[in-house]
Structure formats: structure tokens, C-alpha cells
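# Understanding the architecture of this molecule
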Amino acid sequence: VQVLAHPEARKPVRLPPVPERAPREALGGLFEALRLRASLREYAEEPLRLEELGLLAWAACGENGREERGFRYRTVPSAGALYPLELYAACRAVEGVAPGVYRYSPEGHSLEPRRTGDVSRELARAALGQGMLARAAAVFAISAVESRTTRRYGERGRRYVLMEVGAASENLHLAATALGLGSCAVGAFDDESVNAILGLDGRAERALLLQTVGRPAGSEGAR
Ligand SMILES: Cc1cc2nc3c(=O)[nH]c(=O)nc-3n(C[C@H](O)[C@H](O)[C@H](O)COP(=O)(O)O)c2cc1C
């Protein structure tokens, strides 16, 4: 893994715009996704497409276009619309994206490169040896800058932040299901190792949940 030295490597990856209506590949409506959602731990080798990664990131914490009283609202609710969460994607197999760690920018609907190189095996080790992190096409990490929320709500803000992680995670799960992909939340990991892989200091900002995504094993060539 290399920290980004070359200016070319720092260019954001623009994600395809989110369609106004359900994307072409979506399987069905919300209630179908709720019924079908299940944690997926076995992944096909086939890469994710950039549109799919973009839709997943957008579902987790993208801007939905609503703008009122100076707030730009998102797909997930947030106490006081303070948005303490950050989303990272560790990409291993995503078409058009060099393997590496990216920060999702809700404002730009783009991926900002943080580190180059495939970190999937490091993440699997950090997640106490859970091999699915190395087999998934990408692993999302949801982190929080708690002070954005505790500044206003004090100690109570800490619980709000955790609730918001749950909402973002479920949005990701449902979006993955609707796209015929699969996902698994991963809470069992060594905090220090995961923060180091993502380049977070673990104090001002720390990782709270990992979430794998990929095509289900056995679905090869289905598209
Ligand atoms: C906060 C949280 C942490 C989890 N951590 C892990 C994990 O580290 N490894 C894993 O294989 N599954 C993990 N899971 C997935 C659960 O095992 C799974 O949701 C549960 O068995 C119910 O199955 P379902 O998601 O298929 O409905 C986690 C789920 C949540 C909500």
C-alpha cells in the first residue's frame, strides 16, 4: 500500500449520476428488498461496476437534492442534520477504479483517493481473520467525527451517532439487495488496525462499522 505521492493518483473518481427513477438493474421495490435482504458472505470473483458502487455509496450517505434553510439533506436521517458520518470504500475489484482506499464525497458524488493498493487482505486480518473481507469486491467503512454531533448534543450525541451508523448500514444493505448484490455488516475488528488502514487517527475520527459488498457467488455471468 502506498500513500498518494503522484498528483494523478489524487484525482477524484467521478461517479455516474444517480438516476431519478430506480436504476435499470434494480430488482424490485423496497418491500421486495426487505424480504430478500440477508447477510452475504460468499462472493463471486466478478467485479462491481462503477455505477453500482456509486449507487451503494449514495444510498449509504449521498445527498438527495433537498436543500432547505442552508442544509443539504441526505439519504439517511441525521440528528440536527449535522452528518457526523464519513464513508470510505476499500476497492479491490471495481471496474474503472484502481484498487485502493477512497473517501466518498457526498457533495461531489465522487471518490477521493486516500491510498493506492489493495488493502482487502489487511482488512480481513484486522477483522480477526474473516476471509470474506478479502473476497468481497469492495469493503465500505463507516466512520464518525463524533464532535460534529456532541458539540450540540453533548454526551447524548454519542448515541445519535451510533443510530446513524445503523441507518446508513441498512440503506447499504437494501441498495445492495435491490441491485442483486450482497452485503454483510462487520463489527468484529481491531479498531486500531482498521483506523490505521483507513488513515484515521482513532480520536477525532474513528471507524465504527465495516460492510462488505459484492456479487453473490454462483451468479457469475448472470448479467
Ligand atoms: C452491528 C453488526 C455487526 C456484525 N458483525 C458481523 C461480523 O463481524 N461478521 C459477520 O460475519 N457478520 C456480522 N454481522 C451480521 C450478522 O451476523 C447478521 O446480520 C445476523 O446473523 C442476521 O442475519 P441476516 O443479516 O442474514 O438477516 C453483523 C451485524 C451487525 C448488525
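Now for a look at the structure at hand.

Each helix and strand in the chain was counted, giving 7 helices and 10 strands. Taken over C-alpha atoms, the radius of gyration comes to 17 Å for the chain, in line with the 17 Å a tight globule of 223 residues would show. The buried share of the chain, taken over its 223 residues, is 49%. Residue pairs at least 24 apart in sequence account for 75% of intrachain contacts in the chain once pairs closer than 6 positions are excluded. Accessible surface computed for the chain: about 11,100 Å², of which carbon and sulfur atoms make up 51%. In the chain, which carries 30 positive and 28 negative side-chain charges, the distance between the mean positions of the two groups comes to 3 Å.

Taken together, Arg-37, Ala-38, Ser-39, Arg-41, Gln-130, Met-132, Cys-184, Ala-185, Val-186, Gly-187 and Ala-188 make up the full set of residues adjacent to the ligand. Taking Ser-39, its side chain carries an N or O atom lying 2.5 Å from an oxygen atom of the ligand. With respect to the ligand, the side chain of Gln-130 contributes an N or O atom lying 2.8 Å from a nitrogen atom. About the coverage of the ligand: the protein hides 50% of its 620 Å² of free accessible area. The leading source of residues in the shell around the ligand is strand E9 (residues 182-186), at 3 residues.

Time to look at the packing of helix H2 (residues 50-61) against helix H6 (residues 156-178). Two numbers describe how H2 lies on H6: the axes approach to 7 Å, and their chain directions differ by 145 degrees. As for the relative orientation of H2 and H6, their crossing is right-handed in sense. Residue-level inspection shows Leu-56, Ala-59 and Ala-60 of H2 in contact with H6, the latter providing Ala-168, Asn-171, Leu-172, Ala-175 and Ala-176. For the contact of H2 with H6, the residue count by class is 7 nonpolar, 1 polar and no charged.

Moving on, we come to the layout of surface pockets. Approximately 470 Å³ is the volume found for the largest pocket. What lines the largest pocket is a set of 20 residues, among which Trp-58, Ala-59, Leu-174, Ala-175 and Ala-178 lie closest to the centre. Of all the secondary structure elements, the ones that give two or more residues to the lining of the largest pocket are helix H1 (30-36), H2 and H6. When residues of the lining of the largest pocket are assigned to their parent elements, the largest contribution, 4 residues, is made by H6.

Our next topic: the pairing of strand E6 (residues 100-105). Most of E6 is tucked away, with 6 of its 6 residues classed as buried. Residue alternation in E6 divides its side chains into two sets, Gly-100, Tyr-102 and Tyr-104 and Val-101, Arg-103 and Ser-105, and both sets are buried. Two elements, strand E5 (residues 85-91) and E6, share 4 bridges in a ladder whose sense is antiparallel. When the sheet's bridge partners are listed, Ala-90 is paired in E6 with Val-101. In this antiparallel pair of consecutive strands, E6 and strand E7 (residues 110-116), the connection spans 4 residues, and His-109 shows a positive phi of 40 degrees.

Since there are 3.6 residues in each turn of an α-helix, residues three or four apart along the chain are aligned in direction. What helix H7 (residues 191-198) keeps buried is the set Val-194, Asn-195, Ile-197 and Leu-198. One side of H7 carries all its buried residues, which in axial view fall inside an arc of 160 degrees. In this structure, the buried side of H7 is in contact with E5, E6, E7, helix H3 (120-126), strand E8 (138-144) and strand E10 (206-214). Residue Gly-199 follows H7 closely and has a positive phi angle near 80 degrees.

Parameters and conventions
- Residues numbered from 1 in each chain as written.
- Predicted model: local features only at pLDDT ≥ 70, side-chain atom pairs only at ≥ 80, totals over all residues.
- Heavy atoms only, no water.
- Helix = DSSP H or I, 4+ residues; strand = E, 2+ residues; numbered from the N terminus.
- Rg over C-alpha atoms; globule rule 2.2 N^0.38 Å.
- Buried < 20%, exposed > 50% of the residue type's maximum accessible area, 1.4 Å probe, protein only.
- Contact = heavy atoms within 4.5 Å.
- Areas by Shrake-Rupley, 256 points an atom, 1.4 Å probe, with all protein chains shown as cover.
- Lys, Arg positive; Asp, Glu negative; His and termini not counted.
- Charge placed at Lys NZ, Arg CZ, Asp CG, Glu CD.
- Near = heavy atom within 4 Å.
- Polar contact = N/O pair within 3.5 Å; in protein donor to acceptor, adjacent residues only side chain to side chain.
- Axes fitted to C-alpha atoms, helices over the stretch in contact; angles between N-to-C directions.
- Left-handed = near helix turned anticlockwise from the far one by under 90°.
- Nonpolar A, V, L, I, M, F, W, Y, C, P; charged D, E, K, R; others polar.
- 1 Å grid on protein atoms, 1.4 Å probe; cavity = no way out; pocket = protein on both sides within 12 Å on 5 of 7 lines; lining within 4 Å.
- Points joined across faces, edges and corners; volume = space filled by probe spheres on them.
- Pairing = 2+ DSSP bridges.
- Arc of directions from axis to C-beta.

These values are about where atoms sit, not about what they do.
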